[in-house]
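Report on the structure
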Amino acid sequence: MRQFNSVFFIICTIFLAVVAYESYIQAVAIDEGRIGDSIFRHAVANLFNVMRFPVHVIFRGWARIPMNFAIGLIINCLFYSLLLERLLYLIIRPKVEKEEIYDFPEE
């Protein structure tokens, strides 16, 4: 991978881990009936359905063990962080590379 931005990857991973943890807590609160009428808390709880994809959907039986469940969330956060980092690279870097490719020498 060219020009991998490890700082952005780590920051993104930490942010997504916090979001995954908070969305899990809110999803548990909905299951227990303790969340109330807060629209924001319901939105965060529904975000857990996104945060648990793809590991918990593909490996449903494996993720039933609590330790594997947590490992699956970490893998998902790493996957989404890598995806976001590569998207950032595709948005920012090709503009610079195109200018270098079409820069003809003067004669």
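Scroll up to find the structure this text is about.
The structure reproduced in this document is the subject of the present report.

Each value, and the rule that gives it
- Residues numbered from 1 in each chain as written.
- Predicted model: local features only at pLDDT ≥ 70, side-chain atom pairs only at ≥ 80, totals over all residues.
- Heavy atoms only, no water.
- Core = buried A, V, L, I, M, F, W, Y, C linked by side-chain atoms within 4.5 Å.
- Buried < 20%, exposed > 50% of the residue type's maximum accessible area, 1.4 Å probe, protein only.
- Helix = DSSP H or I, 4+ residues; strand = E, 2+ residues; numbered from the N terminus.
- Contact = heavy atoms within 4.5 Å.
- Salt bridge = Lys/Arg side-chain N within 4 Å of Asp/Glu carboxyl O.

What follows deals with the nonpolar core. In terms of nonpolar packing, the biggest core is built from 7 residues, these being C12, L16, V19, A20, M51, C77 and Y80. Elements with a minimum of two residues in this core: α1 (6–32) and α5 (66–101). The element best represented in this core is α1, accounting for 4 residues. Excluding residues within four positions of it along the chain, Y80 makes contact with L16, V50, M51 and F53.

With respect to the helices, strands and loops of the structure, L88 is situated in helix α5. In sequence terms L88 and N5 are 83 residues apart; their C-alpha atoms lie 9.3 Å from each other.

Taken as a whole, this structure holds 2 salt bridges when the rule is applied. Close ionic contact of E32 with R34 constitutes a salt bridge, the shortest N to O distance being 3.7 Å. A relative accessible area of 51% places E32 in the exposed class. The exposed category is assigned to R34, whose relative accessible area is 66%.

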